Structures are given as structure tokens and as C-alpha cells.
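The chain contents come next:
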Amino acid sequence: MHQLPKFTLPSDFRFSCVPNSLLPLGLLILLGGCGGLWRNSNPVKTPQLSDGPSSAPIALGSSFVADAVAKVGPAVVRIDIKKEVTNPIGGIFGMGPPSQQQQGLGSGFITRSDGLLLTNAHVVEGAGSVAVTLPDGRSFPGKVLGADPLTDVAVVKVAAQGLPVAPLGNSASVRPGEWAIAIGNPLGLDNTVTLGIVSATARTDALGGGQRVAYIQTDAAVNPGNSGGPLINDRGQVIGINTAIRQAPGAGLSFAIPINKAKTVAQQILEGGRASHPYLGVKLQAITPQLAREVNATGNNCKLPERNAVVVVDVVQNSPAARGGIRSCDLILKVADQAVKSPSDVQVAVEGGQVGRELLITVERQGKTQALRLKPMELPRPQG
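Attention in this report is confined to the structure presented alongside it. Here the residue index of a chain counts from 1 through its sequence in written order. Only residues with pLDDT of 70 or above have their local features reported here, since the model is predicted, and side-chain atom pairs are shown and tallied only from 80 upward, although totals for entire chains, interfaces and linings are computed over all residues. Water and hydrogen atoms play no part in the side-chain values, which are based on all heavy atoms of the structure.

### Quick notes on the overall build of the protein
Phase 1: Within the protein one finds 6 helices and 23 strands.
Phase 2: The buried label applies to any residue whose accessible area, calculated with a 1.4 Å probe on protein chains only, is under 20% of its type's maximum; exposed applies above 50%, and partly exposed to all values in between. Scored against the burial criterion, the 384 residues of the protein give a buried share of 50%.
Phase 3: Across the protein, the fraction of contacts at a sequence separation of at least 24, relative to all contacts at a separation of at least 6, is 67%.
Phase 4: Counting only carbon and sulfur atoms, one obtains 53% of the accessible surface of the protein, whose full area is about 17,600 Å². Only runs of H or I of at least four residues qualify as helices and only runs of E of at least two qualify as strands under DSSP, and these elements are numbered from the N terminus. Any two residues having at least one pair of non-hydrogen atoms within 4.5 Å are treated as being in contact. For the accessible areas, the method is Shrake-Rupley and the probe is 1.4 Å, while residue cover comes only from the protein chains on display.

### Regarding the environment of Val 346
Phase 1: Within the secondary structure layout, Val 346 lies in helix H6 (residues 343-351).
Phase 2: In the structure, Val 346 is positioned 134 residues away from Arg 212 in sequence and 9.5 Å away in space, judged by C-alpha atoms.

### Observations regarding a nonpolar patch on the surface
Phase 1: Residues form patches when they are more than 30% accessible in relative terms and have no salt bridge. Like charges link within 9 Å. Nonpolar side chains (Val, Leu, Ile, Met, Phe, Trp, Tyr) link within 5 Å. We count a salt bridge whenever a side-chain nitrogen from Lys or Arg sits within 4 Å of a carboxyl oxygen from Asp or Glu. Among the surface-exposed residues, Trp 179, Leu 195 and Ile 197 lie close enough to one another that they form a single nonpolar patch of about 250 Å² accessible area.
Phase 2: Looking at the element boundaries, Trp 179 is found in strand S10 (residues 179-184).
Phase 3: Overall, the relative accessible area of 35% leaves Trp 179 in the partly exposed class.

### Describing the pattern of salt bridges
Phase 1: All chains considered together, the criterion is met by 12 salt bridges.
Phase 2: The salt bridge partner of Asp 314 is Lys 283, with a shortest N-O separation of 3.7 Å. You can see Asp 314 sitting in strand S18 (residues 309-315) and its partner Lys 283 sitting in strand S17 (residues 282-287), a full 31 residues away along the chain.
Phase 3: For Asp 314, a relative accessible area of 31% puts it in the partly exposed group.
Phase 4: Ionic contacts of the salt-bridge type, sharing partners, join the residues Arg 78, Asp 80 and Asp 190 into one network.

### Observations concerning the nonpolar core
Phase 1: Here, the term nonpolar core denotes a set of buried Ala, Val, Leu, Ile, Met, Phe, Trp, Tyr and Cys residues that are joined through side-chain atoms within 4.5 Å. Ile 79, Ile 110, Leu 117, Leu 118 and Val 132 are the most contacted members of the largest nonpolar core, which totals 49 residues.
Phase 2: Among the elements that take part in this core, helix H3 (residues 259-272) stands out by supplying 6 residues, more than any other.
Phase 3: In this structure, Val 132 is in contact with Val 77, Arg 78, Leu 117, Arg 138, Ser 139, Phe 140, Gly 142, Val 156 and Val 158, ignoring residues within four places of it in sequence.
Phase 4: If you look at the next biggest cluster of nonpolar residues, it comprises 19 residues, including Val 315, Ala 321, Val 335 and Val 340.

### Some points on helix H1 (residues 64-72)
An α-helix turns once every 3.6 residues. As a result, residues three or four positions apart point the same way.
Phase 1: When we look at burial in H1, the residues that qualify are Phe 64, Ala 68, Val 69 and Val 72. Looking down the long axis of H1, one finds its buried residues gathered within 135 degrees of arc, a one-sided arrangement. Throughout, the arc means that of the directions going from the helix axis to the C-beta atoms.

### Side note on the packing of aromatic side chains
Here the distance between the centres and the angle between the planes together describe a pair of aromatic rings.
Phase 1: Any two of the Phe, Tyr and Trp rings considered here, Trp counted by its six-membered ring, make a pair once their centres fall within 6.5 Å; the pair's planes then place it as stacked at under 30 degrees, edge-to-face at over 60, or tilted in between. If you walk through the whole model with that rule in mind, you get 2 aromatic pairs.
Phase 2: When the ring of Phe 64 is compared with that of Trp 179, the centres are 5.3 Å apart and the planes differ by 50 degrees; the resulting orientation is tilted. Here Phe 64, found in helix H1, pairs with Trp 179, found in strand S10; they are 115 residues apart in sequence, far enough to count as distant.
Phase 3: For Phe 64, a relative accessible area of 10% puts it in the buried group.
Phase 4: When the ring of Tyr 215 is compared with that of Phe 255, the centres are 6.4 Å apart and the planes differ by 70 degrees; the resulting orientation is edge-to-face. Of this pair, Tyr 215 sits in strand S12 (residues 215-218) while Phe 255 is found in strand S15 (residues 251-258), placing the two residues 40 residues apart along the sequence.
Phase 5: The class for Tyr 215 is buried, based on a relative accessible area of 1%.
Phase 6: Phe 255 sits in the buried class, given a relative accessible area of 2%.

### Some points on the pairing of strand S22 (residues 368-374)
Phase 1: DSSP-based pairing: two strands are paired if at least 2 bridges between them are found. Pairing of strand S21 (residues 359-365) with S22, which is carried by 7 bridges, proceeds in the antiparallel orientation. For Ile 361, the partnering residue across the bridge sits in S22 and is Leu 372.
Phase 2: Two successive antiparallel strands, S21 and S22, enclose a turn made up of 2 residues, where Gln 366 displays a positive phi of approximately 55 degrees.

### Overview of the environment of Asp 80
Phase 1: One can find Asp 80 in strand S4 (residues 76-86).
Phase 2: Asp 80 gets classed as partly exposed once you look at its relative accessible area, which sits at 24%.
Phase 3: Through-space distance from the C-alpha of Asp 80 to that of Ala 127 is 9.4 Å; in sequence the pair is 47 residues apart.
Phase 4: Those residues in contact with Asp 80 that lie beyond four places of it in its chain are Gly 104, Leu 105, Ser 129, Val 130 and Ala 131.
Phase 5: Definition of a polar contact: a pair of N or O atoms within 3.5 Å, with one able to donate and the other able to accept a hydrogen when the atoms are protein atoms, and with sequence-neighbouring residues admitted only if both atoms are side-chain atoms. Side-chain polar atoms of Asp 80 contact the side chain of Arg 78, separated by 2.9 Å.

Printed below as a string of C-alpha cells:
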């Protein structure tokens, strides 16, 4: 498990999270998110993500948790991976081989009876082999169809038929205070169930800056090995994918990717092999009255209003933001019709746009409000 400051990720493998602190001046925020589905000009059959039945309501009572788990539990799987990693002392004076094998485990859940399942990208990152084990003991080799590190969603396929399926819910209807049930394989303890409530929704600042997911926050106990497992409601429907935890003395908070977001990303992976992420190309900074006073006192040409806001620090040359007229010192007020209060809010809001489709950005420039129309481009992929 990779340890970040103040974070414990629920897997033995790394998931890139930025420490939760004030974004330094000049931090590059490559605005991205999942846009529309890519389609060919010729009509093609859309791959089916889920063939689970609609879930009938469960009568609340002393056994509602057990009833909900009975609906989803048979479809929650254990994912074991093996991967080759470089041995840092390998080959030096005969001290060992140049590479060595690492093992890791996580969780996932079946969404289609012919063996399609969802998990976290960091669970299967770099996997040389994947083994998927069902609660009934059956085990199958798995193939990673695609993974999106930006949202931490991955799609895996096993060759099987007639498998149990986890019903998918609607994360847009999730409210704080509702029951939240986590199922997975924490610390290698298979088929573990924990109960909590939804503590918050739309957490854009849960894991620091640069995130593209508005997470569901819960106090249900989640530990390494729970990664990729489902967060379900009291009706036995998957509302999220457990992905990370944030620890504090005597307490811990868990975060899940909303299932609606996961479905969008997974559908794009099924159709095109990867997810699409819109990009504007700006450097953003969250400002407070105190920070604005300090910046203004330096004699900087950019005079900031002394209030909480999001300011454009710089614009990448030849980017959609530059072509659309965004300038340094602009305050970002809205993306589409959504008000934004932090760089993470901007990030997630832009995520709701589509590559090549016009996006309305409302800015404040020298005290005056302006509406700018930008066309996001595809987020540049890391080289190598």
C-alpha cells in the first residue's frame, strides 16, 4: 500500500493523489473530465455495460443490511494481480535478478453476467496477470479492457457466463445521512461487510487539487483491499466504487467514485478503449481575502479582490482557454451554469463538458462580468 501524507489508499498499489493543501501559486491545473461518448459516423451497436435487473425496494427492518448484501454480495469479487517490478539492487555484484514479482489484491464487482466487472485503475495498474475469484470459490483469469488513472476506473473481463450481477443504482439521488454499505476484501479478509452512512456528496476537495471526481464521502470502514469494491445503498444497489481513505487520529473517512461517473468512464472504455477528458489549459489559484491583500501589497499588476475566489494565474499558449479569450487575473465565477468556489470545483465542472463542444465560462475581469465560449480539446496524454 502506497502511503501519502495524511492519506492511506485502500490498495497495495499506488493511486496518485495530491496532498490536501492550498494549491501553490502557479500550479498547473489541466482541466479535464469525462466528455461525451465517441461514436463512428456509421451506427454501431453500443456495448452493454450492465445487464443486471432493476432492484426492487427492500423493506427496512432489522435485516435490511443483510438483505441488501444478499443482493450484491455474490457479485463482489476478489482481484489478485501479479506484476514485474525493477529490483533496485538487482544485478549489482550478483545480489539478485534485475526484476522481481510483486503481488497485490483488491476488489471489484460484476456488472454483466458474461463476466464484465468494474474495479479501480490502481488495483490493476501494471498487472502482468489478473485472477478474479467469486465468493462461491470459482476463479477465472481476467483481462484488463482498459483503465483510466485520472478517475481511477478500470474495466476487467473474464470468460464466463451466467455470473451473478450487482444492480447499479443512481448516484445522483444519493443524499447525506443515507445508509452506506461497503463490501470487499480488506486486508485479504474476503467478503467483509461494513456499515455506515453517506457523510457528504460531491466532495471535490477530498483528495487535494487536480481531481476529476466529485466523491461520495462515507464513514463506513474501508481498508487496503477494499479498493474497487462496491459501496451500496439500503436497497441493494451500487452507488459508488470505494477508492481511497483519509485518516486522522481516532477516525477515518472513506471516498467512493459515484457510480454514474464510473458508468460514463466504463462505457467510453468499452466503446473506444479509453476515456475522453476535456482540457482548457489554465493555471488556477484559490484566493482568500488575506492572500489577496498579500499579493496586492507586492505591487503586482494583477489586483485581486479581497474575497474568496478562483483566479487565473496563467494561460497555456495555444490552448482552448487562450483561444477562447481567458486572461491572467480573470476570476472564474461559473462553468456552464454551475457556480465554482475552488480550482477543484472548476476541474469537476469542466469535466461535465465534452471535447469539441462549446462550453460557457463566466469570468470577472476588472470588476466586470463576461461570458466566454470555449471549445475544450482532448487532454494531452503523458509521453512514454
